[in-house]
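# Secondary and tertiary structure notes
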Amino acid sequence: MYLYEKIFDVVVIGGGNAGLVSAISAIEHGAKSLLLIERAPKELRGGNSRYTRDIRYAHEDVDGFTTGIYSRDEMLNDILRVTGGRTNLELARIVVERSQELIQWMYRHGVPLVKAYRGALHLSRTNAFFIGGGKALIDTYYRYLSARKEVKVLYNTTVTDIIVDDGRVIGVKALMGSKEVVFKSNSVIVASGGFQANIGWLRQIWGGKADKFIVRGSRFDDGLLLRKLIELGAMPVGDPREGHMVAVDARAPRTDGGIISRVDAIPFGIVINRDCRRFYDEGEDEWPKRYAIWGKLVAEQPEAEAYVIFDSKVWGRFIPPAWPPYTASSLEELAVKLNLDPGRFVRVVKEFNDHVQPCRVDYERLDGCSTKGLDPPKSNWASRIDTPPFNAYKVVPGITFTYYGVAVDGDSRVLRGDGKPFENLFAAGEIMMGNILSRGYLGGLGLAIGGVFGLIAGERAVTL
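Since this is a predicted model, take the numbers as computed values, not measurements.

About the thresholds
- Here the residue numbers are simple positions, counted from 1 along each chain's written sequence.
- Confidence filtering applies because this is a predicted model: local features only for residues at pLDDT of at least 70, side-chain atom pairs given and counted only at 80 or more, and all residues used for totals across whole chains, interfaces and linings.
- Hydrogens and water are ignored here; the side-chain numbers use all heavy atoms of the structure.
- Put simply, DSSP H or I for four residues or longer makes a helix, DSSP E for two residues or longer makes a strand, and each gets a number counted from the N terminus.
- The span one expects for a helix is its residue count, reduced by one, times 1.5 Å.
- Remark: exposure states derive from per-residue accessible area (1.4 Å probe, protein chains only) relative to the maximum for the residue type, with buried under 20%, exposed over 50%, and partly exposed in between.
- Any residue with an atom within 4 Å of a point lines the site, the site being either a cavity, points on a 1 Å grid over the protein atoms alone where a 1.4 Å probe fits but cannot get out, or a pocket, an open set with protein on both sides within 12 Å along at least 5 of 7 lines.
- Grid points are joined across faces, edges and corners, and a volume is the space filled by probe spheres set on the points.
- Think of it as three bins: nonpolar holds Ala, Val, Leu, Ile, Met, Phe, Trp, Tyr, Cys and Pro, charged holds Asp, Glu, Lys and Arg, and polar takes everything else, Gly as well.
- Any two strands with at least two DSSP-identified bridges between them are counted as paired.
- Whenever Lys or Arg places a side-chain nitrogen within 4 Å of a carboxyl oxygen from Asp or Glu, that contact is recorded as a salt bridge.
- Convention adopted: a line fitted to C-alpha atoms gives each axis, helices being fitted over their contacting stretch, and angles between N-to-C directions are expressed from 0 to 180 degrees.
- Left-handed describes a crossing whose near helix is turned anticlockwise from the far helix by less than a right angle; the clockwise case is right-handed.
- Contacts between residues were defined by any pair of non-hydrogen atoms, one from each residue, lying within 4.5 Å.
- Angle categories are assigned with fixed cut-offs, so that under 35 degrees is roughly parallel, over 145 is roughly antiparallel, 65 to 115 is roughly perpendicular, and the rest are oblique.
- Throughout, nonpolar core names a set of buried Ala, Val, Leu, Ile, Met, Phe, Trp, Tyr and Cys residues whose side chains join them through atoms within 4.5 Å.
- Between the rings of Phe, Tyr and Trp (Trp by its six-membered ring), a pair exists once the centres lie within 6.5 Å; its type follows the angle of the planes, with under 30 degrees stacked, over 60 edge-to-face, and the other angles tilted.
- Sitting over a ring, as applied to charges here, requires NZ of Lys or CZ of Arg to be within 6 Å of the ring centre and within 35 degrees of the ring normal.

For the rest of this paragraph, the subject is helix 10 (residues 445-463). A rise of 1.5 Å per residue sets the reference length of helix 10, with its 19 residues, at 27 Å; its end C-alpha atoms lie 27 Å apart and thus fit the reference within 8%. Within helix 10, 15 of the 19 residues are buried, which leaves the element mostly enclosed by the surrounding structure.

Following this line, the structure appears as structure tokens:
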């Protein structure tokens, strides 16, 4: 084992949005030396953040990045709504209150913000987008850090342990290739994500269905440090079964597929399982408030798979995934292509069509165009599937990040099992997301949580 000769003011573990914001915040609040440890190689740096495209934030006035006002009260109510009220209200309020400050901070630091383009369903008022997506976001932050002499960045380095002496964190152990190195530090910020890339851990929760899961983001988020923190006595928070899980094209790669694997056609048609049965309301709410529940819904179906069915009337209204849909001139032909029972397939579509009420569909809002007497209903955007060619995507669960993590306080300090904070151990990003998101999701909220608590962790790691 090699002991690095320098004692850093701050060590940040994880090189995605939360870790990068933490690092910049720490430097700007007086850290004289900072080490950022990224597990991935340089070309894959950034964790899940490299696959993002937008961020949600409260704004009381119209600005240059959105199309209308999104008040603090509305944003907080949205969080309460999607979580069913199961959130740490104090921490949720902090995210809401500081989200506009975060946007201004991002803009000052050169993040290329822009209004939403076509295809960003129901997000143009609430979210700002990045030119160049998440990769442009993280590259902007890395450029800032590379210009600071106080900062050292390590790639291809895995933190294996957090060293505690007499209740205080004094450093970390890391593997650099085959060499084990100890880095001493006055404070440590953990921003290393959840455990979504650990199929073995997922298998303990979901059984064999976990083998169908697609890891949409970084292959390096295996929960190694989450386990270490809990072993150290950190208070766990959240349900291991919950997380940001979307329906993705079954042809997507096993890891690192990002947003191009997501199937956004669900509000425009119906979703059935292998038994040709619908199982949930496809038009329950605005898509950014519901898309991240569909992965779990699919995981609960036979063989952890489902099929999104729509017709030619809606083609072009959503951004498709990287793979074309299965297409046929008749419903029977489409069923054969999907290896589904043609009789059952035609019956479920006919049943849906027979219950659609006459209505002028408006996909830009909750239009109330619904079915009547159908279980489950379709509450909005219900339109008959009757115009060939008919289309379908086969979908499987795509897991982005997990909500099981560690509890933190308002200073982003990790809490012990007794509710008292570690003095100099902080967490930001997905590893503490479960404090705020117990279930459900709002598009762009994860980046806001990581950014806000990144700002806080960086500041408090230096000033507490």
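So, about empty space enclosed by the protein. For the structure shown, the criterion picks out two cavities of 30 Å³ or more. Size it by volume and the second largest cavity reaches roughly 30 Å³. What lines the second largest cavity is simply Leu44, Gly47, Arg50, Tyr51, Ser218, Arg219, Phe220 and Asp256. Along the lines of polarity and charge, the residues of the lining of the second largest cavity split into three nonpolar, two polar and three charged.

What follows concerns the sheet that holds strand 5 (residues 127-130). To summarise the sheet geometry, strands pair through backbone hydrogen bonds and adopt either a parallel or an antiparallel arrangement. In spatial order, the strands read 3-5-4; together these three strands make up an open sheet with antiparallel pairing. Across the chains shown, the open sheet's two edge strands, defined by having one partner strand only, are strand 3 (54-56) and strand 4 (113-114). Bridge count for strand 3 against strand 5 is three bridges, and the pairing is antiparallel. For Asp54, the partnering residue across the bridge sits in strand 5 and is Phe129.

Below, the discussion takes up the pattern of salt bridges. Under the definition given, this model contains 34 salt bridges. Arg39 is the salt-bridge partner of Asp222, the closest N and O atoms lying 2.9 Å from each other. One end of the pair, Asp222, is in the loop between strand 10 (214-215) and helix 6 (224-231); the other, Arg39, is in the loop between strand 2 (34-37) and strand 3, and 183 residues separate them in sequence. Its relative accessible area of 27% is what places Arg39 among the partly exposed residues. Shared partners join several salt bridges into a network, and the residues in it are Arg56, Asp78, Glu286 and Lys289.

Looking at chain direction, strand 1 (residues 2-13) and strand 9 (residues 179-190) are connected through eight bridges and run parallel. What sits directly across from Phe8, in strand 9, is Ser185. Looking at chain direction, strand 8 (residues 168-176) and strand 9 are connected through six bridges and run antiparallel. Its bridge partner being in strand 9, Lys173 is matched across the sheet by Val182. In sequence, strand 8 turns back onto strand 9 through a hairpin of two residues, with Gly177 there showing a positive phi of about 70°. Of the strand pairs in this sheet, strand 9 and strand 19 (residues 421-427) are connected by three bridges, and their pairing is parallel. The partner of Val188 across the bridge, within strand 19, is Leu425.

Another aspect to go through is the side chain of Asp78. Within the element layout of this structure, Asp78 appears in helix 2 (residues 72-83). The buried category is assigned to Asp78, whose relative accessible area is 5%.

What follows covers the packing of helix 1 (residues 17-28) against helix 10. With their axes 7 Å apart at the nearest point, helix 1 and helix 10 run at an angle of 35° to one another. Crossing angle aside, the handedness with which helix 1 passes helix 10 is right-handed. Contact with helix 1, carried on its side by Asn17, Ala18, Val21, Ser22, Ser25 and Ala26, involves Leu447, Gly450, Gly451, Gly454, Leu455, Ala457, Gly458, Glu459 and Val462 of helix 10 and no other residues of that element. Classifying every residue of the contact of helix 1 with helix 10 by side-chain character gives seven nonpolar, seven polar and one charged.

Right, let's get into the packing of helix 3 (residues 89-108) against helix 10. At a minimum axis separation of 8 Å, helix 3 and helix 10 run at an interaxial angle of 85°. In terms of orientation, helix 3 and helix 10 fall into the roughly perpendicular class. Here Leu91, Ile94, Val95, Arg98, Ser99, Glu101, Leu102 and Trp105 of helix 3 lie close against helix 10, whose contacting residues are Leu445, Leu447, Ala448, Ile449, Gly451, Val452, Phe453, Leu455 and Ile456. Of the residues belonging to the contact of helix 3 with helix 10, the class tally is 13 nonpolar, two polar and two charged.

Attention now moves to the nonpolar core. Formed by 132 residues in total, the largest nonpolar core has its most connected members in Met106, Phe183, Leu445 and Phe453. Ranked by the residues each element gives to this core, the list is headed by helix 10, at ten residues. Excluding anything up to four places from it in sequence, Phe183 contacts Tyr4, Phe8, Leu35, Ile37, Leu154, Ile170, Gly171, Val172, Ala174 and Met176. If you look at the next biggest cluster of nonpolar residues, it comprises 21 residues, including Ile309, Leu331, Ala335 and Val356.

Further remarks concern helix 1. Note on helix geometry: an α-helix contains 3.6 residues per turn, so any two residues three or four positions apart are oriented the same way. Helix length check: helix 1 (twelve residues) gives 16 Å between terminal C-alpha atoms against 16 Å at 1.5 Å per residue, within 8%. When we look at burial in helix 1, the residues that qualify are Asn17, Ala18, Gly19, Leu20, Val21, Ser22, Ala23, Ile24, Ser25, Ala26 and Ile27. Gly30, located one to two residues past helix 1, shows a positive phi value of around 115°.

Under the criterion given, the structure shown has 21 aromatic pairs. Taken together, a centroid distance of 5.8 Å and an interplanar angle of 50° make the contact between Trp105 and Tyr141 tilted. Of this pair, Trp105 sits in helix 3 while Tyr141 sits in helix 4 (residues 133-146), and the two are 36 residues apart along the sequence. Classification of Trp105 by relative accessible area gives buried; the value is 6%. Classification of Tyr141 by relative accessible area gives buried; the value is 1%. Their ring planes at 40° and their centres at 6.1 Å tell us that Tyr142 and Tyr155 sit as a pair that is tilted. With a gap of 13 residues between them, Tyr142 in helix 4 and Tyr155 in the loop between strand 6 (151-154) and strand 7 (157-165) connect regions that are remote in the sequence. A relative accessible area of 23% places Tyr155 in the partly exposed class. An aromatic cluster is defined as three or more aromatic residues linked by ring pairs; in this entry it consists of Phe268, Phe310, Trp315, Phe318, Tyr363 and Tyr393. A cation sits over an aromatic face here: Arg262 above Tyr291, 4.4 Å from the ring centre.

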